Amino acid sequence: MNQYQTVTDSDVILRDGTIKLHGPEGFEGMRRAGKLAAEILDALAPLVKPGVTTATLDDVVRQLTIEGGAVPATLGYRGYAHSSCISINHVVCHGIPSEKTLKDGDIVNIDVTPLLDGWHGDSSRMYLVGDVPLKARKLVDVTYECLMLGIAQAKPGNRIGDIGAAIQRHAESQRYGVVREFCGHGVGRLFHDAPEVVHAARAGTGPVLKPGMFFTIEPMINLGRPPVKLLEDGWTAVTRDRSLSAQFEHSIGITEDGCEIFTASPQGLHKPPY
Ligand code: MF3
Ligand code: CO
Ligand code: CO
């Protein structure tokens, strides 16, 4: 079976395990969806403050997504009923928006995926709530560096494992733990597609990167050990040792000579402080 499949706008796209290779119309679609995701994350920056509920932030995400002509891809996805995932402190990912309020010193990830004209712009950033201790701020900084070091490996001829190797090396140089249970993923017309983008890997392993591949890189890095556990709600993933966890996510496309970051902030709000 061919691992790769060149797709155009008129093709029906199936979750058949193949890695899709997109043309210019795919890049155009992802550029628009990714820009909207980034604009939503930009708009949240001034709203992430002590006392705000995560449900309020989720309402803002839904509103901005719809105003942008998109729908939140998470709404109704496998029974998920919200427009974003909001993960505080030791929550690794898939935190469910609720009436819980943010507190001074919290670190929080907000993950959004507007589905615009059939394309998924999947991105998340960390936000600092009030005064955050240095240890937590450093975790956030290093996690952002992990994402960007992974992206630096995203070019034709490299392999998927080169991305995870760069991320793991940097995280472990600080004695942080790289989460294994959740991965980056192919993205595009499908929310979650092949390939799996693991964030801890051996260099030179996995599928070869080719122009037209679209995928996310979304490392989750823990101040403590790597393992996570799932809470009773079936969604919320937390660190087993209750240590802090941070994550950033971009959707990217492999180009002839590197990659394009579809979800880069138009306002330059790449990482806190914003
Ligand atoms: N946006 C998440 C990701 O990066 C997926 C969230 S799925 C949900 O892949 F159902 F939990 F919202
Ligand atoms: Co993702
Ligand atoms: Co996401």
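Bear in mind that the values here come from a model prediction, so they are computed numbers and not experimental data. (Residues numbered from 1 in each chain as written. Chains lettered and ligands numbered in written order. Predicted model: local features only at pLDDT ≥ 70, side-chain atom pairs only at ≥ 80, totals over all residues. Heavy atoms only, no water.)

1. Points about helix α4 (residues 160–173)
So, step 1. For α4, spanning 14 residues, the distance from its first C-alpha to its last is 21 Å, which sits close to the expected 20 Å at 1.5 Å a residue.
So, step 2. The element α4 is largely enclosed, with a buried count of eleven among its 14 residues.
So, step 3. Restricting attention to buried positions, one finds in α4 the residues Ile 160, Gly 161, Asp 162, Ile 163, Gly 164, Ala 165, Ala 166, Ile 167, Gln 168, His 170 and Ala 171.
So, step 4. Looking at the packing, one finds that the buried side of α4 touches α3 (134–152), β10 (177–178), β12 (193–197), β13 (214–217) and β14 (220–222).
So, step 5. Following α4 by one or two positions, Arg 175 adopts a phi angle in the positive range, close to 65 degrees. (Helix = DSSP H or I, 4+ residues; strand = E, 2+ residues; numbered from the N terminus. Expected span 1.5 Å × (residues − 1). Buried < 20%, exposed > 50% of the residue type's maximum accessible area, 1.4 Å probe, protein only. Contact = heavy atoms within 4.5 Å.)

2. Considerations on the sheet that holds β14
So, step 1. Taken together, the three strands give an open sheet; going across it, the order is β10-β14-β17, and neighbouring strands pair in antiparallel fashion. Unpaired on one side and paired on the other, β10 and β17 (245–247) mark the two borders of the sheet.
So, step 2. In terms of strand pairing, β10 meets β14 through two bridges, oriented antiparallel. If you follow Gly 177 over to β14, its bridge partner there is Asn 222.
So, step 3. Here α3 sits on the sheet and contacts β14 and β17; the angle it forms with β17, its principal contact strand, is near 40 degrees. (Pairing = 2+ DSSP bridges. Axes fitted to C-alpha atoms, helices over the stretch in contact; angles between N-to-C directions.)

3. Concerning the nonpolar core
So, step 1. Core analysis: the biggest nonpolar cluster contains 32 residues, and Ile 107, Ile 163, Leu 209, Met 213, Phe 215, Ile 217 and Ile 221 have the highest contact counts within it.
So, step 2. Those elements that place two or more of their residues in this core are β2 (19–22), α3, α4, β13 and β18 (250–254).
So, step 3. With eight residues, α3 is the single largest residue contributor to this core.
So, step 4. Those residues in contact with Leu 209 that sit more than four places away from it in its chain are Gln 153, Ala 154, Lys 155, Pro 156, Gly 157, Asn 158, Arg 159, Ile 160, Ile 163, Phe 215 and Ile 254. (Core = buried A, V, L, I, M, F, W, Y, C linked by side-chain atoms within 4.5 Å.)

4. Section: the site of ligand 1
So, step 1. Ligand 1 sits among 14 residues. The nearest are Thr 74, His 185, His 192, Glu 218 and Glu 249.
So, step 2. Side-chain polar atom of His 185 to an oxygen atom of ligand 1: 3.0 Å apart, as the coordinates give it.
So, step 3. Between Glu 218 and ligand 1, the recorded distance is 2.9 Å, taken from a side-chain N or O atom to an oxygen atom.
So, step 4. Relative to its unbound accessible area of 340 Å², ligand 1 is 97% covered by the protein chains.
So, step 5. Per-class residue counts for the shell around ligand 1 are five nonpolar, five polar and four charged. (Near = heavy atom within 4 Å. Polar contact = N/O pair within 3.5 Å; in protein donor to acceptor, adjacent residues only side chain to side chain. Areas by Shrake-Rupley, 256 points an atom, 1.4 Å probe, with all protein chains shown as cover. Nonpolar A, V, L, I, M, F, W, Y, C, P; charged D, E, K, R; others polar.)

5. Describing the coordination of the cobalt ion (ligand 3)
So, step 1. Protein coordination at the cobalt ion (ligand 3): the donors are Asp 111 (OD), Asp 111 (OD), Asp 122 (OD) and Glu 249 (OE), at 2.0 to 2.3 Å from the metal.
So, step 2. Coordination geometry of the cobalt ion (ligand 3): the six donor atoms subtend angles of 58 to 166 degrees at the metal centre, consistent with an arrangement described as irregular.
So, step 3. Between the cobalt ion (ligand 3) and the cobalt ion (ligand 2) the interatomic distance amounts to 3.4 Å, and Asp 122 serves as a bridging ligand to the pair. Highlighted residues: Asp 122 in the loop between β8 (119–120) and β9 (123–128) and Glu 249 in the loop between β17 and β18, separated in sequence by 127 residues.
So, step 4. Owing to a relative accessible area of 1%, Glu 249 belongs among the buried residues under this scheme. (Donors = N, O, S within 2.8 Å, 3.2 Å for Na, K, Ca; no water. Tetrahedral: all angles 85-135°; square planar, octahedral: opposite > 155°, others 65-115°.)

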